[in-house]
Amino acid sequence: MENKYILGTTENKDFLREQRDILLNFGHGFVSPEGGAYYLGDAGEPWKDRPRETWITARMLHVYSMGAMLGHKGAKELAASALKGLIGELHDDEHGGWYAGKRSDGEILPDKQCYAHAFVILAASSAVLAGIDGARELLDDALSIYDKYFWDEEIGLSVDTWDTDFKVLSDYRGLNANMHTVEAFLAVADVLGRFDMKDLSVKVHVDGDAGSVYRKRAGRIIDHVIGWASENEYRIPEHFSEEWEPDLECNKNKPDDCFKPYGATPGHGIEWARLITQWAVATYKIGEASPKISVNADATTDEATAPNMDEAAAPYIEAAKKLYDRAVTDAWNADGAPGICYTTDWTGAPVVHDRMHWTLAEAINTSAVFYRVSKADIKRYAADYERYMRYLDEYVIDHKNGSWYHQLDRDNHVIGTVWPGKSDLYHAVQATLIPYAEHVGVSIAAAIRGE
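Cut-offs and rules
- Residues numbered from 1 in each chain as written.
- Predicted model: local features only at pLDDT ≥ 70, side-chain atom pairs only at ≥ 80, totals over all residues.
- Heavy atoms only, no water.
- Helix = DSSP H or I, 4+ residues; strand = E, 2+ residues; numbered from the N terminus.
- Rg over C-alpha atoms; globule rule 2.2 N^0.38 Å.
- Buried < 20%, exposed > 50% of the residue type's maximum accessible area, 1.4 Å probe, protein only.
- Contact = heavy atoms within 4.5 Å.
- Areas by Shrake-Rupley, 256 points an atom, 1.4 Å probe, with all protein chains shown as cover.
- 1 Å grid on protein atoms, 1.4 Å probe; cavity = no way out; pocket = protein on both sides within 12 Å on 5 of 7 lines; lining within 4 Å.
- Points joined across faces, edges and corners; volume = space filled by probe spheres on them.
- Nonpolar A, V, L, I, M, F, W, Y, C, P; charged D, E, K, R; others polar.
- Core = buried A, V, L, I, M, F, W, Y, C linked by side-chain atoms within 4.5 Å.
- Pairing = 2+ DSSP bridges.
- Salt bridge = Lys/Arg side-chain N within 4 Å of Asp/Glu carboxyl O.

Within the protein chain one finds 13 helices and 14 strands. Computed over C-alpha atoms, the radius of gyration of the protein chain comes to 20 Å, within 12% of the 22 Å expected from 2.2 N^0.38 for 451 residues, which places it in the range of a compact globule. Seen along its three principal axes, the alpha-carbon backbone of the protein chain occupies a region of about 60 × 50 × 45 Å. Looking at the protein chain as a whole, 61% of its 451 residues are labelled buried. Counting only contacts in the protein chain whose residues sit at least 6 apart along the sequence, the fraction spanning at least 24 positions is 70%. Looking at the protein chain as shown, the accessible area adds up to about 16,800 Å², and 47% of this sits on carbon and sulfur atoms.

In structure tokens form, the structure reads like this:
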């Protein structure tokens, strides 16, 4: 057994710290002259012929804001450059909000995406924590636009896509954007709870304490997701009609779509499991084991360090574990090779066998989180974490050029049919941080700021 794969060991902490530094160094070339993020290639070179997209720019602002708080050389300047892109070339000064992106010729990518706007909120929250100039104004703008156009207070979910002028709303509804909305809402709740943000104009759009409002909104989304999942053997429907009726056949003719694939997406089940747990721990103030404890697959449960589960939180943690269990059972080693397949049908049979790096990153995070909040099965989660770490090191890390391969085929050979190159650092960097965050119930940037 190699200690560098074992949760809680000095060797594993050092391994993740080393990988984090490699990742942050890899991404330095993302900045365009106007600040919008270039899509990164196999060796970190900017692919200047591709659009500079808002969601990638926001992710890079988030990552390098965390890098700045961690002391990474040049990170604050890189974060400032990404923020420049979000308040500059990617911002729609006429209609408000953010374009999907800018093409290489400077023309806009049409539509206003909930997905991208959620990442702007996340990024602005992290930039506030890192003290990046203009971050508070960016957060104010992002929250105001989101509240005005994307949040549906009546149902407690977010709509998906507007036209560029915010006049025509698509009848598509989706959970990918809502998942990242939960992430963003939890992050902004942590920021609003930490700082005196009374000058934010978003106060006119919400009632009561802004931080608690966003945490409650995240909980409303989560309640919907758990309900849909529980009716579907914990395989989460991803695509919906305007009336929020599940569309289980969506994109059946394009099953490997990078944002709207057909069928169930096990990686999202795993990611939802972590976010639900984060929300439950924060909302109900349940305890958690220390991330500093070294564990292995032969460990016994230490009842003295196990958390005390609030009765109200328990159903959420239970549902989160069912989502994780379903995803891992369906998708890990489903075709005779290690790795988590991208999608399955509604019986759990793999549809797209490719392995995406972000799915592994979420599996690393969620197995570590469940170890922290579990009284039972900690041996299982420790073993899962070790398995994911080993797979990461053997197949997913590019030990020559840096960063992680974004897509592998069913035999774990590198391909780029869905995700060519290495677009950004968001999932990978978070997977080097979340396993050892001080508190499960705190968003990762706020956890770093609190250390």
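Moving on: empty space enclosed by the protein. On inspection of all chains with the given rule, the structure shows six cavities of 30 Å³ or more. Every residue lining the largest cavity is counted, 24 residues in all, and those nearest its centre are Arg274, Gln278, Val442, Ser443 and Ile444. Class assignment for the residues of the lining of the largest cavity results in 14 nonpolar, seven polar and three charged. Here the second largest cavity defines a volume of roughly 190 Å³. Arg59, Tyr115, Trp358, Trp419 and His427 are, among the 19 residues lining the second largest cavity, the residues nearest its centre. If you list the elements that add at least two residues to the lining of the second largest cavity, you get helix H2 (54-69), helix H6 (175-194), helix H8 (266-284) and helix H10 (357-373). Among the residues forming the lining of the second largest cavity, the class breakdown is eight nonpolar, eight polar and three charged.

Let us look at the nonpolar core. Residues Leu61, Tyr64, Ile121, Trp272, Ile364, Leu392 and Trp404 are the most contacted members of the largest nonpolar core, which totals 143 residues. Counting residues per element, this core draws most heavily on helix H4 (residues 114-130), which supplies 14 residues. Those residues in contact with Leu392 that lie beyond four places of it in its chain are Phe15, Leu360, Ile364, Ile397 and Trp404.

One open sheet accounts for three strands, arranged S3-S4-S5; its pairing is antiparallel. Since the sheet does not close on itself, it has two edges, and those belong to strand S3 (52-53) and strand S5 (108-109), each with one partner. Across two bridges, strand S4 (residues 101-102) lies against S5 in antiparallel orientation. Each bridged residue has a counterpart across the sheet, and for Lys102 the counterpart in S5 is Ile108.

It is worth spelling out the environment of Val63 at this point. Topologically, Val63 is positioned in helix H2. The buried category is assigned to Val63, whose relative accessible area is 0%. Separated by 63 residues in sequence, Val63 and Ser126 have C-alpha atoms that sit 8.3 Å apart.

Using the criterion set out here, one finds 23 salt bridges in the structure. Ionic pairing is found between Arg235 and Asp330, a salt bridge with its closest N-O pair at 2.7 Å. With Arg235 in the loop between helix H7 (210-230) and strand S11 (239-240) and Asp330 in helix H9 (residues 314-331), this residue pair connects regions lying 95 residues apart in the sequence. Judged on exposure class, the residue Arg235 and its partner Asp330 are both buried. Of the charged contacts, one joins Lys322 and Glu318 as a salt bridge, the two residues approaching to 3.4 Å between their closest N and O atoms.

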